[in-house]
Amino acid sequence: MSFASYEELSKLLEQYPDTSMIELLVPDINGILRGKRVPAVEFETLFKNGVKHPATITLLNCRGEFPEEMKGFDGDPDKSIRPVANSLAPITWLKSDTAQVLGTFTELNGEEVSFDPRNVLKRALKPLHDMGLKAVVAVELEFYLLKDGDGESPILRLPKIPGTGKDQSGIQYAMPEDLWENDDFLEDVRLACKAQNIPMTTVHSEFSPGQFEINLHHCDDPIKACDDAVLLKRVIKGVARQHGMFASFMAKPFDEIAGCGLHVHFSLYDEAGNNIFADTESSETPAISDKLRHAIGGLAATMDQGMAIFAPNANSYRRVAPGNYVPMTPNWGYNHRDVALRIPVSGNSDRRVEHRVSGADASPYLVMAAIASGIHYGMQEQCDPGPMVAEGSSVEETITLPTEWPVALDKFAASTVFPSYLGEEFFGYFNVLRRDEYRQVAARVSNIDYEWYLRSV
């Protein structure tokens, strides 16, 4: 485990001598960053020894609540948060001279805390590392830009038709003018990513009005890639607030338009630097190895068990429905965006699989852990993925994945694969937390209860 050094702090203070606070950020089970601000008088302690804090902040639900059913935390004991190496950076969108650093939990004796999401991913990657394999991954995130309104529902921030006060209609997919409309925001996002060493790459308007996608470069450290993903979400939200608007990564914020996805590209390389997913002797298109075929088979075989990770909350399942550009069955194919597991057009050196099921509301660490688990399981068990969907062919919308939250939770709880990869302890905590959140949601009397039933029944 690599912690940030005091020298790293010294370099930041040389460049930003007025820094008065550092936000210490720890990703929780939802992918939400939680933590606290540390004043300048405690900087040295933070970087030399870490700070004490209850590790239960990693096991909170989306409302920041800790389930009463969670056992083993009587007295909420402190553990240690240590700053993560190479994550210290200025916060560009705040008026105060404040920096930030990612943190990870250790026991007081220095051992890793098993249920810290970064450590869960580390555990899930270990079987691949033990095979002498290195993963190279990339994360893509979709989000909506919103504006203030007077009602209870969010309002899309859309460009105006020139010379009028009317919003532009239509999807306007990949429209450069939509980027012009938000140029100040996007430029400040770029500058913030540069200052925070977040490898932002392409930007485009997505397949819904007011929706955008910002991608990250491929990275040979999946934990770092997930760090970059949660920090990119933070940058986008922070800069949006700076510009008087709001950014949402909610899976399905609107009824009639598409939700927001999190797509992951994943490839594997041996110790000689060869991509094991490519078959260099094959003249077929795509030239894929048996290892990739088996990896896809493992991803397909474990996808229903992992839906509680890929779609982690109540709103997630409003996106997991026909017509929302979400694959409903674990199919696979080459150069085809209607499948769950896509093989993009690529050369032998960058042959990969793209996992296209997760919502942008999912934890990148847990999504990556589930993908790594499925890939290793598939190669170990030589899973057969079944026939590939042909390029350019239509895909019948078959529904085999869980489309309801309690069903997904039951599938996860019954999993025979994930406990060993994620760790029995974390697997149990995840079940308790998500089941408790489901019960809370199911017990709430919502607006739809009043609108549909209050008068009519």
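Bear in mind the structure is a predicted one, so any value in this text is a computation, not a measurement.

### Some words on empty space enclosed by the protein
So, step 1. Across all of its chains, the model carries 1 cavity of 30 Å³ or more by this definition.
So, step 2. Along the walls of the largest cavity sit Leu-158, Pro-159, Gln-168, Gly-170, Ile-171, Gln-172, Asp-178, Pro-209 and Gly-210, which together make up its complete lining.
So, step 3. The residue inventory of the lining of the largest cavity, partitioned by class, reads 4 nonpolar, 4 polar and 1 charged.

### Quick notes on the nonpolar core
So, step 1. Counting residues in each nonpolar core, the largest one holds 126 residues, and the members touching the most others are Phe-185, Phe-266, Leu-268 and Ile-375.
So, step 2. It is helix α6 (residues 222-242) that provides the largest number of residues to this core, a total of 11 residues.
So, step 3. Not counting residues within four places of it along the chain, the set of residues in contact with Leu-268 comprises Leu-128, Leu-133, Lys-134, Ala-135, Asn-274, Asn-275, Ile-276, Phe-277, Ile-375 and Met-379.

### Let's talk about the packing of helix α3 (residues 117-130) against α6
Relative orientation and spacing of two packed helices are given, respectively, by the angle between their axes and the distance between those axes.
So, step 1. Closest axis-to-axis distance for the α3/α6 pair is 10 Å, and the angle between their directions is 150°. At the point where α3 passes α6, the crossing takes the right-handed sense. Of the residues in α6, those in contact with Arg-118, Leu-121, Lys-122 and Leu-125 of α3 are Pro-222, Ile-223, Cys-226 and Asp-227.
So, step 2. Looking at side-chain class alone, the contact of α3 with α6 contains 5 nonpolar, no polar and 3 charged residues.

### Some thoughts on the packing of aromatic side chains
So, step 1. Per the stated rule, a full pass over the model turns up 13 aromatic pairs.
So, step 2. Their ring planes at 25° and their centres at 6.2 Å tell us that Phe-412 and Phe-418 sit as a pair that is stacked. Phe-418 matches Phe-412 in its accessibility class, with the two residues each being buried.
So, step 3. Through a chain of ring-to-ring contacts, the aromatic side chains of Phe-412, Phe-418, Phe-426, Phe-427 and Phe-430 assemble into a single cluster.
So, step 4. The residue whose ring lies beneath Lys-48 is Tyr-6, and the NZ or CZ to ring-centre distance is 4.8 Å.

Calculation notes
- Residues numbered from 1 in each chain as written.
- Predicted model: local features only at pLDDT ≥ 70, side-chain atom pairs only at ≥ 80, totals over all residues.
- Heavy atoms only, no water.
- 1 Å grid on protein atoms, 1.4 Å probe; cavity = no way out; pocket = protein on both sides within 12 Å on 5 of 7 lines; lining within 4 Å.
- Points joined across faces, edges and corners; volume = space filled by probe spheres on them.
- Nonpolar A, V, L, I, M, F, W, Y, C, P; charged D, E, K, R; others polar.
- Core = buried A, V, L, I, M, F, W, Y, C linked by side-chain atoms within 4.5 Å.
- Buried < 20%, exposed > 50% of the residue type's maximum accessible area, 1.4 Å probe, protein only.
- Helix = DSSP H or I, 4+ residues; strand = E, 2+ residues; numbered from the N terminus.
- Contact = heavy atoms within 4.5 Å.
- Axes fitted to C-alpha atoms, helices over the stretch in contact; angles between N-to-C directions.
- Left-handed = near helix turned anticlockwise from the far one by under 90°.
- Phe/Tyr/Trp six-rings, centres within 6.5 Å; stacked < 30°, edge-to-face > 60°.
- Lys NZ or Arg CZ within 6 Å of the ring centre and 35° of its normal.

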